[in-house]
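Structural characterization, general
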Amino acid sequence: MTMQYHSTRGTAPALDFEGAMLAGLARDGGLYVPAEIPVMPPADIAALAGRPYEEVALRVMQPFTGLSEARLGDLIGRAYAGFGHDVRAPLVQIAPSHFLLELFHGPTLAFKDFAMQLIGQLFQDVMRRRGERITIVGATSGDTGSAAIEAFRGLDNVECFILFPQGRVSEVQRRQMTTPVEPNVHALAVEGDFDDCQAAVKAMFNDHAFRDRVGLTAVNSINWARVLAQVVYYFSAAVALGAPGRSVGFTVPTGNFGDIFAGYVARSMGLPIDRLVIATNRNDILHRTFQTGTHRKEGVQPTISPSMDIQVSSNFERALYMAYDRDGRAVAQLMEELRAEGGFAISQGAMEALRDIYTSGRASEEETGATIRDTYARTGQTICPHTAVGVKVASEITADSPMVTLATAHPAKFPDAVEAATGHRPALPPRMADLFERPERLTDVPNDLGRLKSLIDERIA
Ligand SMILES: *Cc1c(COP(=O)(O)O)cnc(C)c1O
């Protein structure tokens, strides 16, 4: 039987992999998780050592998908062919027992490419088989939108519209969205801020006639297929460092909790991960949760690691569901408290279950800048501000096993913060050096739902 997926709020129908991927969010507002996590025997984990990334991806993901080996292998091959490094996710040593896992060799220079490139291939494959078309609409403050446009450019059966706040994304991020020439991707510069963009997307999803007419779909970070694609690099890194014979810790610069939850899935599959460390910037709702047992919203403060500037962390719901022994009713109640009262207390039992798996730490703006500077001085490695938050938090942990910090973006994506810390401006990789010369293509749109919807209708007609 193929794997089933259950909603974290317990009442939406169970779906298979394809259904969970196309649905994104469950109909009861919950997130899909596998009904059971398959365990990989130690001998099978050992056999991954020295294998190409694509093969590790196939072995790790196939049991979750119900897709044939041939089909999934083909899609994986296409997804990672455009990466700028043969190893896809190489390890770099920065201290005797501390490694960086470089996840920024994809086309938009952030780890989101690992999931988004694969999801592009998966969506195209499903839609071709069904003979249907879909329309992806998303709002972005930077990284997700550029990763989505890169992933969907030129694919059949998929139109992709990304709304971003005019004048409020970095130049690299904007150019990554506006320079692809394929007619099925559309960068829309909205006269408003990120919240306006997100509100417009939500309103489109709530307009059921529009939603059905254009085949609206989302690819935000709660999509299970995105989490699954991220499980793979925990395996490739751990086996390179001696798993299953030796255990490994991971520190993950965290925002929406998608990336670190993938680490939890890898651990549940039998990968010997002894610590999963949540690293937050000063938007530290998760760190406070682990300190106090209470999960409470505060406002968002801008930082030099903007992809982690979050008020609530959407994928944390998946961790809660596991900690509450898959009790969807309990999770639904917590989420209702979050909505109505801005926070909730976690039961003692669930908090113990969470602390068995995760620890947390936080880095201030000053510490983040100092870590970029020190890492450069000690090792010659230039790291991005998100990675620096991880390196700082990881450096405060002592353990016998090696620690791997996820390097989530290329430093050239955040040149101002890096230059302020080190005095030098990081260069784009050579394959992208002409980004600033390529012609841009974007549409300015007022912050007006009617205009946005008619524009999408016209473009897909
Ligand atoms: C998205 C992002 C993060 C946060 O990842 P989550 O899965 O949301 O926790 C961290 N760093 C960078 C560079 C990102 O783009």
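Scroll up for the structure.
This one's a predicted model, so the numbers in the text were calculated from it and none came from an experiment.

**Quick word on the site of the ligand**
- Lys112, Asp143, Gly255, Asn256 and Thr408 are the nearest of the 15 residues found near the ligand.
- Between threonine 408 and the ligand, the recorded distance is 2.9 Å, taken from a side-chain N or O atom to a nitrogen atom.
- Contact with the protein chains hides 96% of the accessible area of the ligand, taken as 380 Å² for the molecule alone.
- Class assignment for the residues of the shell around the ligand results in 5 nonpolar, 7 polar and 3 charged.

**A few points about unusual backbone geometry**
- In the segment running from alanine 243 into proline 244, the intervening peptide bond is cis, with an omega of 5 degrees.
- Following the sequence through the fold, proline 244 ends up in the loop between α10 (224-240) and β9 (248-253).
- Even without a glycine there, the phi angle at asparagine 157 is positive, about 65 degrees.
- Along the chain, asparagine 157 turns up in the loop between α6 (143-152) and β6 (158-165).
- Phi at arginine 326 is positive, roughly 60 degrees, even though this residue is not glycine.
- A residue is classified by how much of its surface remains accessible, and arginine 326, at 28% relative accessible area, is partly exposed.

**As for the layout of surface pockets**
- Of the pockets and cavities examined, the second largest pocket occupies roughly 340 Å³.
- Forming the boundary of the second largest pocket are 20 residues, of which Ala95, His98, Ala394, Ser395 and Ile397 lie nearest the centre.
- Partitioning the lining of the second largest pocket into residue classes produces 8 nonpolar, 7 polar and 5 charged.

**A few points about the pattern of salt bridges**
- For the structure shown, the criterion picks out 29 salt bridges.
- Notably, a salt bridge pairs arginine 129 with glutamate 18, separated by 3.7 Å at the nearest N-O pair. Of the two residues, arginine 129 sits in helix α5 (residues 112-130) while glutamate 18 sits in helix α1 (residues 17-23), which places them 111 residues apart along the sequence.
- Classification of arginine 129 by relative accessible area gives partly exposed; the value is 44%.
- The class for glutamate 18 is buried, based on a relative accessible area of 19%.
- The residue arginine 425 makes a salt bridge to glutamate 419 at a minimum N-O spacing of 2.7 Å.
- Through salt bridges with shared partners, a single ionic network connects Glu18, Arg71, Asp125, Arg129 and Arg130.

**What to know about the packing of aromatic side chains**
- One pass over the full model with this rule turns up 17 aromatic pairs.
- Aromatic ring contacts, followed pair by pair, group Tyr53, Tyr80, Phe83, Phe114, Tyr233, Tyr234 and Phe250 into a single cluster.
- Geometry around phenylalanine 210 places lysine 453 over its ring, the cationic atom sitting 5.9 Å from the centre.

**Comments concerning the sheet that holds strand β3 (residues 91-95)**
- Taken in spatial order, the 6 strands line up as β3-β4-β14-β9-β10-β13 in an open sheet, and their pairing is mixed. If you trace the sheet from one side to the other, it starts and ends with β3 and β13 (358-362), each paired once. The average angle at which neighbouring strand axes cross in this sheet is 25 degrees, direction not considered.
- Against the sheet, helix α11 (residues 258-268) makes contact with β9, β10 (273-280), β13 and β14 (403-407), and its axis sits at roughly 170 degrees relative to β10, the strand it touches most.

Procedures and definitions
- Residues numbered from 1 in each chain as written.
- Predicted model: local features only at pLDDT ≥ 70, side-chain atom pairs only at ≥ 80, totals over all residues.
- Heavy atoms only, no water.
- Near = heavy atom within 4 Å.
- Polar contact = N/O pair within 3.5 Å; in protein donor to acceptor, adjacent residues only side chain to side chain.
- Areas by Shrake-Rupley, 256 points an atom, 1.4 Å probe, with all protein chains shown as cover.
- Nonpolar A, V, L, I, M, F, W, Y, C, P; charged D, E, K, R; others polar.
- Helix = DSSP H or I, 4+ residues; strand = E, 2+ residues; numbered from the N terminus.
- Buried < 20%, exposed > 50% of the residue type's maximum accessible area, 1.4 Å probe, protein only.
- 1 Å grid on protein atoms, 1.4 Å probe; cavity = no way out; pocket = protein on both sides within 12 Å on 5 of 7 lines; lining within 4 Å.
- Points joined across faces, edges and corners; volume = space filled by probe spheres on them.
- Salt bridge = Lys/Arg side-chain N within 4 Å of Asp/Glu carboxyl O.
- Phe/Tyr/Trp six-rings, centres within 6.5 Å; stacked < 30°, edge-to-face > 60°.
- Lys NZ or Arg CZ within 6 Å of the ring centre and 35° of its normal.
- Pairing = 2+ DSSP bridges.
- Axes fitted to C-alpha atoms, helices over the stretch in contact; angles between N-to-C directions.
- Contact = heavy atoms within 4.5 Å.

Functional significance is not addressed by these values, which are geometric in nature.
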